[in-house]
Amino acid sequence: MSEKIWLSAPTMHGEELKFIKEAFDTNWVAPLGKNVTEFENETAKYVGCKATAAMTAGTHALHMAFKLAGVGPGDIVLCSDLTFAATVNPVSYLGGEQVFIDSERESWNMDPKALKKAFEKYDKRVKAVVVANLYGIPAKLDEIAEICKDRGVTLIEDAAESLSSTYKGRQTGTFGKYNALSFNGNKIITTSGGGMFLSDDEEAVEKVRFYSTQARDPAPWYQHSEIGYNYRMSNIVAGIGRGQLLHLEEHKELKKNIYKRYKEAFKDIEVEMNPYLECSDPNFWLSCITINEASQNKVTPEILRLALDRENIESRPIWKPMHLQPVFAKKDYISAGEDVGEDIFRRGLCLPSDIKMTAKEQDRVIGIIKRCFDV
Ligand SMILES: *Cc1c(COP(=O)(O)O)cnc(C)c1O
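Residue positions are counted from 1 within each chain, in the order its sequence is given. Predicted model: local features are reported for residues with pLDDT of at least 70 only, side-chain atom pairs are reported and counted for 80 or more only, and whole-chain, interface and lining totals are derived from all residues. Heavy atoms throughout the structure, all of them, feed into the side-chain values; hydrogens and water do not.

1. Overview of the nonpolar core
Line of reasoning, step 1. Counting residues in hydrophobic clusters, the biggest one holds 33 residues, and the most contacted among them are Met 55, Met 64, Phe 66, Val 77, Ile 156, Tyr 178 and Phe 197.
Line of reasoning, step 2. Taken together, the elements giving at least two residues each to this core come down to strand S1 (51-55), helix H3 (58-68), strand S2 (76-80), strand S4 (126-132), strand S8 (178-182) and helix H7 (202-212).
Line of reasoning, step 3. Pairs of residues are marked as contacts when any of their non-hydrogen atoms sit within 4.5 Å. What Val 77 contacts, discounting residues up to four positions off in sequence, is Phe 66, Val 71, Val 91, Glu 97, Gln 98, Val 99, Ala 128 and Val 130.
Line of reasoning, step 4. As used in this record, nonpolar core signifies buried Ala, Val, Leu, Ile, Met, Phe, Trp, Tyr and Cys residues forming a set joined through side-chain atoms within 4.5 Å. Summary of the burial criterion: residues with accessible area below 20% of their type's maximum are buried, those above 50% are exposed, and those between are partly exposed, where the area comes from a 1.4 Å probe applied to protein chains only. One finds Cys 49, Ile 188, Trp 285 and Val 340 within the second-largest nonpolar core, a separate group that totals 32 residues. To qualify as a helix, a DSSP run of H or I must reach at least 4 residues; to qualify as a strand, a run of E must reach at least 2; elements of each kind are numbered from the N terminus.

Structure follows, in structure tokens:
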């Protein structure tokens, strides 16, 4: 059996160890420490935002974002529908109500038309909007930000999958009032696990630090006037992040090449690559395809997935839309017309996008897929 080809696995470079060793040598493995501070500063500088707080997970950064947006029992949050559950779960932690917004076809992300429709329906009950940049492809961020601004509603950007992607020359993770990154194992850079809260509102970031360290009042004894959380990143984990950040641009380049090679190779078969907006420069975190309607009777994503799996190659279905999840069966879902997210889920597949994949290995993936189409 050939060596396993992964969807998207961690890629370490060695510098990570240098920063970890520094923490050991100074015996500063916790609490917080220099690696955390530097990782926050370096990420803020890279992304171009005023302040950041390193967290134990992207999910926790999102939880803090919803909390700062004031989401509480009964409040409506308009959410990307085609995304990973982590985008929307923290709304439930706070007692809020998700309403799921369908995707458009040009970036697979939140459809501004459907978003407007949702605002007409829920109006003053809407507390926040959360938009994800699926598979690293930026959403129609200007349009979505404009709609939120007009209505005075907080926009939260879930840039967990899109670190280093730009939209009209500006980094993702800066379009919301509050923004979240993830450094989970499969993301474009990883700290083994972790996330970051980002905002230009420095006071908001201070509040996140406060809530994430058990909400201690400024008193010599342990005094609490609010409920806190234990969500801060450790100095060891942040060391991995500092090492990884040095290679972010390189990872982006490699991901882009993988996407381009698939696109070129699939020119003549009945599939389309996941699309992106002309004004964006995505990180192509995962390369995805949809099988054209005409071929659906013959080749399904599941046929492709199993064919790859038999050759020790990992691929993955598109995120199952949130409004189809059993746990959210009672939540509302708003579409501008046809159900785009459902269609992408039905016809789509995420292909191996691991940056350690060689050209030869990628050719194997391509060959297997083409054979399924009798080419
Ligand atoms: C990975 C991911 C998250 C959550 O990040 P964790 O660090 O795993 O908690 C949130 N949203 C999206 C879209 C993701 O892909």
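2. Focus: the pairing of S2
Line of reasoning, step 1. Summarising burial for S2: five of the five residues are buried, a large majority.
Line of reasoning, step 2. Sheet topology places S2 next to strand S3 (residues 97-101); five bridges connect them, and they run parallel. Pairing of Val 77 across the sheet is with Gln 98, part of S3.
Line of reasoning, step 3. Examined bridge by bridge, S2 and S4 share four bridges and lie parallel to one another. Opposite Leu 78, over in S4, you have Val 129 as the bridge partner. By this definition, two strands are paired if DSSP reports at least two bridges between them.

3. As for the sheet that holds strand S9 (residues 195-199)
Line of reasoning, step 1. What the eight strands build is an open sheet, ordered S1-S9-S8-S5-S4-S2-S3-S14; its pairing is mixed. A strand with exactly one partner marks an edge of an open sheet, and here the two such strands are S1 and strand S14 (332-334). Strand-to-strand twist in this sheet, taken as the mean axis angle between neighbours without regard to direction, amounts to 20°.
Line of reasoning, step 2. Judged from the three bridges that link them, S3 and S14 form a sheet pairing that is parallel. Between N-to-C directions, angles span 0 to 180 degrees; the directions come from axes that are lines fitted to C-alpha atoms, helices contributing only their stretch in contact.

4. Let's talk about the site of the ligand
Line of reasoning, step 1. Being near a molecule or strand, for a residue, comes down to having at least one heavy atom within 4 Å of it. Close to the ligand lie 15 residues; Thr 59, Asp 158, Glu 161, Ser 182 and Lys 187 are nearest.
Line of reasoning, step 2. Think of a polar contact as two N or O atoms within 3.5 Å of one another; within protein, one of them needs to be a possible hydrogen donor and the other a possible acceptor, and neighboring residues in sequence only count if both atoms come from side chains. Within the backbone of Gly 58, an N or O atom sits 2.8 Å from an oxygen atom of the ligand.
Line of reasoning, step 3. Residue contributions to the shell around the ligand peak at three residues, all from H3.

5. A look at helix H5 (residues 112-122)
Line of reasoning, step 1. When we look at burial in H5, the residues that qualify are Pro 112, Ala 114, Leu 115, Ala 118, Phe 119 and Tyr 122. Viewed along the axis of H5, the buried residues span an arc of 155°, placing them on a single side of the element. Away from the buried face of H5 by more than 90 degrees, exposed residues Lys 113, Glu 120 and Lys 121 are located.
Line of reasoning, step 2. Looking at the packing, one finds that the buried side of H5 touches S2, S3, S4, helix H6 (141-151) and S14.
Line of reasoning, step 3. Count one or two residues on from H5 and you reach Asp 123, which has phi positive near 40°. The arc in question is the one traced by the directions running from the helix axis out to the C-beta atoms.

6. A look at the packing of H5 against H6
Line of reasoning, step 1. Between H5 and H6, whose axes approach to 10 Å, the crossing angle comes to 15°. Accordingly, the angle class assigned to the pair H5 and H6 is roughly parallel. Viewed along their axes, H5 and H6 form a crossing whose handedness is right-handed. Of the residues in H6, those in contact with Pro 112, Leu 115, Lys 116 and Phe 119 of H5 are Glu 143, Ile 144, Ile 147 and Arg 151.
Line of reasoning, step 2. Classifying every residue of the contact of H5 with H6 by side-chain character gives five nonpolar, no polar and three charged. Put simply, angles under 35 degrees are roughly parallel, angles over 145 are roughly antiparallel, angles from 65 to 115 are roughly perpendicular, and the rest are oblique. Note on convention: near helix rotated counterclockwise from far helix by under a right angle means a left-handed crossing. Clockwise means right-handed. Only Asp, Glu, Lys and Arg are considered charged, only Ala, Val, Leu, Ile, Met, Phe, Trp, Tyr, Cys and Pro nonpolar, and every remaining residue, Gly among them, polar.

7. Some words on the sheet that holds strand S6 (residues 166-167)
Line of reasoning, step 1. The strand order across the open sheet built from three strands is S7-S6-S11, with neighbouring strands paired in antiparallel fashion. With one partner strand each, in any of the chains shown, strand S7 (170-171) and strand S11 (280-281) form the two edges of the open sheet.
Line of reasoning, step 2. Relative to S7, S6 runs antiparallel, the two sharing two bridges. Counterpart to Thr 166 in the pairing with S7 is Gln 171.

8. Things to note about helix H10 (residues 301-310)
Line of reasoning, step 1. All buried positions along H10 are accounted for by Pro 301, Leu 304, Ala 307 and Leu 308. Looking straight down H10, one finds that the buried residues subtend no more than 130° of arc, so they occupy a single side.
Line of reasoning, step 2. In this structure, the buried residues of H10 make contact with strand S12 (288-291), helix H11 (340-347), strand S15 (348-350) and helix H12 (359-372).

9. Remarks on the pattern of salt bridges
Line of reasoning, step 1. For this analysis, a salt bridge means a side-chain nitrogen from Lys or Arg found within 4 Å of a carboxyl oxygen belonging to Asp or Glu. The full count for this structure, using the stated rule, is 25 salt bridges.
Line of reasoning, step 2. The residue Asp 343 makes a salt bridge to Arg 105 at a minimum N-O spacing of 3.0 Å. Here Asp 343 is found in helix H11, whereas its partner Arg 105 is found in the loop between S3 and H5, with 238 residues between them in sequence.
Line of reasoning, step 3. For Arg 105, a relative accessible area of 35% puts it in the partly exposed group.
Line of reasoning, step 4. Here Asp 332 makes a salt bridge to Lys 121, at a shortest N to O gap of 2.7 Å. Here the residue Asp 332 occupies a position in strand S14, and Lys 121 occupies one in helix H5, the gap between them amounting to 211 residues.
Line of reasoning, step 5. Where salt bridges share partners, they join Arg 105, Glu 293, Glu 338, Asp 343, Arg 346 and Arg 347 into one cluster.

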